[in-house]
Amino acid sequence: MYRHRLHTPAVVVIAIAAGCTASGADDTAPPAGATEVRMERIVQETHSGIETRRREVITTEAAWRAFWAELTANRAPRPAAPAVDFDRERVIVAAMGRRPTGGYAIEIAGVYRTQDALTVVVVETRPGPGCITAQALTAPVYVARIAAGRLPVTFVERERVQECG
């Protein structure tokens, strides 16, 4: 079975790290009157099996198993899904979908609660025009667990551009 792995020479990584800075919307502040919700990262990776852009809240074991199968579709053997207690937790997903090169990343920067909703702040990072990137398909994803609840979830999008030079 084909295993997709990216092997980047250390020299390229050092060159990228030494010359890059982020620019763009850096506003990850909570909404007015909001309190931060405890979040635990389950997965953050660049080479997932999630090929489409996605923002999702998973609240059932069946949906979690289906999502995990898609997330790990490009791996052999597939790792077992982490246990999630859906009576006490729910899972938040932010995926960029397939990207043409390295240099892309996604992060759930915070989850905030107001009286009527939860706000999930998602930050997508993309390489700037001067960045050296790996010439390989990527599919960045960030998956986290938060406490279960009935409040609706809203995703707020932020974008950063990695400036290299």
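Residues numbered from 1 in each chain as written. Predicted model: local features only at pLDDT ≥ 70, side-chain atom pairs only at ≥ 80, totals over all residues. Heavy atoms only, no water.

### A word on the nonpolar core
Here is step 1 of the chain: Of all hydrophobic cores here, the largest spans 16 residues; its most connected members are Trp64, Phe67, Val91 and Val143.
Here is step 2 of the chain: Listing elements by their share of this core, those giving two or more residues are strand E3 (40-45), helix H2 (61-71), strand E5 (89-95) and strand E8 (141-147).
Here is step 3 of the chain: Per-element accounting of this core gives the leading share, four residues, to H2.
Here is step 4 of the chain: The contacts of Trp64, once residues within four sequence positions are left out, are Ile42, Ile58, Ala81, Pro82, Val84, Phe86, Val91 and Val143. (Core = buried A, V, L, I, M, F, W, Y, C linked by side-chain atoms within 4.5 Å. Buried < 20%, exposed > 50% of the residue type's maximum accessible area, 1.4 Å probe, protein only. Helix = DSSP H or I, 4+ residues; strand = E, 2+ residues; numbered from the N terminus. Contact = heavy atoms within 4.5 Å.)

### Quick look at the state of the cysteines
Here is step 1 of the chain: Under the defined criterion, the tally for this structure stands at one disulfide.
Here is step 2 of the chain: Between the sulfur of Cys131 and that of Cys164 lies a disulfide, 2.1 Å long from S to S. On the sign convention where negative means left-handed, the S-S torsion of about 80° between Cys131 and Cys164 marks this disulfide as right-handed. Here the residue Cys131 occupies a position in the loop between strand E7 (118-127) and E8, and Cys164 occupies one in strand E9 (residues 153-164), the gap between them amounting to 33 residues.
Here is step 3 of the chain: Taking relative accessible area as the criterion, Cys164 reaches 18% and is therefore assigned buried. (Disulfide = S-S within 2.5 Å.)

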